[in-house]
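Examination of the molecular architecture
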Amino acid sequence: MALLEVKNLTTSFHTRDGVVKAVDGVSFSVEAGETVGIVGESGSGKSVTCYSLLKLIPMPPGKIEAGQALFDGMDLLQLPEAKMRGVRGKRIGLIFQDPMTSLNPYLKISTQLIEPLLIHEGISKSEALSRAIAEMDAVGIPDAKNRIHSYPHEFSGGMRQRVMIAMALITRPDILIADEPTTALDVTIQRQVLDLIKTRQKELGTAVVFITHDLAVVSEVCDYVNVMYAGRFVERAGVDTLFTKPRHAYTRALQRSIPALQKKNEVLYTIPGLPPNLATEIPGCAFAPRCPDSNGEAHAKTRPELVELESKHWVQNCPGCLSAGI
Amino acid sequence: MAYLELENLTKHFTKRKGLFTSELQTVRAVDGVSLSIEKGEILGLVGESGCGKSTLSRLIMQLLRPTSGSVVLEGERLADLPASEIRKRRRDFQMIFQDPYASLNPRMTVFSALAESITTRHPGLINNRSALEEAVAELMERVGLDARYIRKYPHEFSGGQRQRIAIARALGTEPKLVLADEPVSALDVSIQSQILNLLRKLRDELDLTMIFISHDLSVVRYIADRIAVMDEGKIVEVNEADRLFEEPQSDATKMLLSAIPQVRF
């Protein structure tokens, strides 16, 4: 039995420009201790998928139209707010992209770090403080005992992201959702933060849902990867399968557009066009207009379903995308 | 004689050590940097946060006065020029910024943003609306934007298109030197490649001289002819892009290279 089982999650936003189907029937599961990646371009629905699970999307305009998210015998999508508060930040932790904006600049780190403990575990302030200091030690912040009384602006970007990780893990959650945690950091700090997430994950046995648009990061941290496009998963596979035997045209195009893998002085491969507007109905294969094999004839005329090619390797069954030469 | 020459460029910031002491502390943000760039060359500048990249770029762009040393553009020492003269030269060096959401004025249409830039070089066009419109349209097409969108505002464009507008705005003054500060870091992988291709194409067509700052070494390797690595205010290594990757010499370079996430196959 998986730790978290998401079935047919559908979230849309009711805006003036129409109903935007941000997440359109997405299913995935997370096993204990595993790292599951969700990768895709901006606006593909990666973040909305995870925020829907924790009811963190603004409702209205957002609305969870359908689906189930089974976590420890509860359906998160049906959970009343009072109970959700016992899950969010306690059993499912979150870290965001930008540690500058996700920490409160007016409050000391100590205040912010012990807050989850005071709320969820009801322990005394002094006890919470010593646990917070231990947690800061564990994420590699030097001189934690004194630094904990500093304000966020006194920390560098990388150190702030460490504080965020400490804050998310202090309640020992079963799942940590990391939404582009290293996108705002430079390459050496990114390396440190990725290593830290991996180490803490191993020490605590936490499962991680890792959202990113960077395929190189995915290949380093994830066990299983879901590739998202226009609100749906187009391909799902173990990380090795995904990189050695990618099947969907979009996955292959994404891989080809990594600059590191291309020859100097050659024009970089790019995916033509833009992702589709999700406020309009997409009748067939959503990737068809951008697919290099885009005479359109070969592409599915109805939204293609995911089929399991081999064990745990799922791909959208669109003949055009499967056969496109990329 | 190189096109752009940095001669022992140094910038120190001093601050008081504490609130109640008069003791001063000196931060050597840029510490004796010498570099030369040829016309039409793309120089990559890399380094960790806080290594002095931004201070160096501000010195080159004449937004800061150096503590010592100088910037020499086409044989002319910019530090010797009076402020009024520097102002006139600003159109010769332009910047492209990281975040196209923040670097464009949301209240200006593409036309007014680009026209403003073009008329700093060609003030005569201000009173010639049709010629100005033609120049804007031509500039838009050069960076791969459809000239039909000339009346649109930045929010009506996607991130990649906005970065194209920002690039067009930088090119509108017909600059001698373009400094691109992390121009693709905020963009998606597929859009990144489009912008990199565009910058390369523009270099080839216009013989642009460019300094390309990034923390993403694989991007820099692809676009730059040479790469300079900066650490603690100093340039610790300069080499041809491929050579730098194959035979890194300094510890700073080795550390940057080892930090790149690798795609496993």
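Residues numbered from 1 in each chain as written. Chains lettered and ligands numbered in written order. Predicted model: local features only at pLDDT ≥ 70, side-chain atom pairs only at ≥ 80, totals over all residues. Heavy atoms only, no water.

Opposite the 37 residues of chain A that make contact, chain B presents 33 residues. In terms of surface lost to chain B, no three residues of chain A exceed A:Val187, A:Lys264 and A:Leu268, which account for 21% of the buried area on that side. At the surface where chain A touches chain B, the tally comes to 0 salt bridges. Counting every contact that joins chain A to chain B gives 6 residue pairs in polar contact (both at pLDDT 80 or more). Of all the elements in the fold, those that place two or more residues in the side of chain A that touches chain B are helix H8 (187-204), helix H9 (215-221) and helix H10 (239-244) of chain A. Sorting elements by how many residues they give to the side of chain A that touches chain B places H8(A) first, with 5 residues. The class makeup of the residues in the side of chain A that touches chain B is 17 nonpolar, 11 polar and 9 charged. (Contact = heavy atoms within 4.5 Å. Buried area = accessible area lost by both parts, 1.4 Å probe. Salt bridge = Lys/Arg side-chain N within 4 Å of Asp/Glu carboxyl O. Polar contact = N/O pair within 3.5 Å; in protein donor to acceptor, adjacent residues only side chain to side chain. Helix = DSSP H or I, 4+ residues; strand = E, 2+ residues; numbered from the N terminus. Nonpolar A, V, L, I, M, F, W, Y, C, P; charged D, E, K, R; others polar.)

Let's shift gears to the sheet that holds strand E3 (residues 35-39) of chain A. Residue and element names in this part refer to chain A. Taking strand neighbours across the sheet as the criterion, the 8 strands line up as E6-E7-E8-E3-E9-E10-E12-E11 in an open arrangement whose pairing is mixed. A strand with exactly one partner marks an edge of an open sheet, and here the two such strands are strand E6 (92-95) and strand E11 (306-310). The mean inter-strand angle of the sheet, taken between neighbouring strand axes irrespective of direction, is 20°. Direction of pairing for strand E10 (residues 232-238) relative to strand E12 (residues 313-316): antiparallel, over a ladder of 2 bridges. Each residue of the ladder has a partner; that of Arg236, found in E12, is Trp314. Sheet strands in contact with helix H1 (residues 46-53) are E3, E6, strand E7 (175-179), strand E8 (207-212) and strand E9 (224-229), and its direction is about 145° off that of E8. Running over the sheet, H8 touches E3, E6 and E8 and is turned about 160° from E8. (Pairing = 2+ DSSP bridges. Axes fitted to C-alpha atoms, helices over the stretch in contact; angles between N-to-C directions.)

Residues and elements named next belong to chain A. Here 4 strands make up an open sheet; going across it, the order is E2-E1-E4-E5 and the pairing antiparallel. Every other strand in the sheet has two partners, leaving strand E2 (18-30) and strand E5 (74-75) as the edge strands with one partner each. Bridge count between strand E1 (residues 4-15) and E2: 10 bridges; the pairing is antiparallel. Paired with Thr11 across the bridge in E2 is Val23.

With that out of the way, let us pick up the environment of B:Gly50. All names here are of chain B. Here Gly50 is to be found in the loop between strand E3 (42-46) and helix H1 (53-60). On the basis of relative accessible area, Gly50 is assigned to the exposed category, the value being 79%. For the pair Gly50 and Ala29, spaced 21 residues apart in the sequence, the C-alpha separation amounts to 8.3 Å. (Buried < 20%, exposed > 50% of the residue type's maximum accessible area, 1.4 Å probe, protein only.)

A few words on the packing of helix H7 (residues 157-169) of chain A against H8(A). All names here are of chain A. Across the interface, H7 lies against H8 with an axial gap of 10 Å and an inter-helix angle of 15°. Compared by their axis directions, H7 and H8 come out roughly parallel. Note that H7 runs across H8; the crossing there is right-handed. Across the interface between the two elements, Gly158, Gln161, Arg162, Ile165 and Leu169 of H7 pack against Ile189, Gln192, Val193, Leu196, Ile197, Arg200 and Leu204 of H8. (Parallel < 35°, antiparallel > 145°, perpendicular 65-115°, else oblique. Left-handed = near helix turned anticlockwise from the far one by under 90°.)

By size, the foremost hydrophobic cluster in this structure holds 69 residues, and its most contacted members are A:Leu113, A:Phe210 and A:Phe287. Residue contributions to this core peak at 7 residues, all from H7(A). Both domain 1 (4-222) and domain 2 (232-323) of chain A contribute no fewer than three residues apiece to this core. In contact with A:Leu113, other than residues within four places in its own chain, are A:Ala132, A:Met136, A:Ile148, A:Val163, A:Ala166, A:Met167 and A:Ile170. Core analysis: the next-biggest nonpolar cluster, separate from the first, contains 55 residues, B:Ile42, B:Leu132, B:Ile165 and B:Leu257 among them. (Core = buried A, V, L, I, M, F, W, Y, C linked by side-chain atoms within 4.5 Å. Domains from an automatic or database assignment.)

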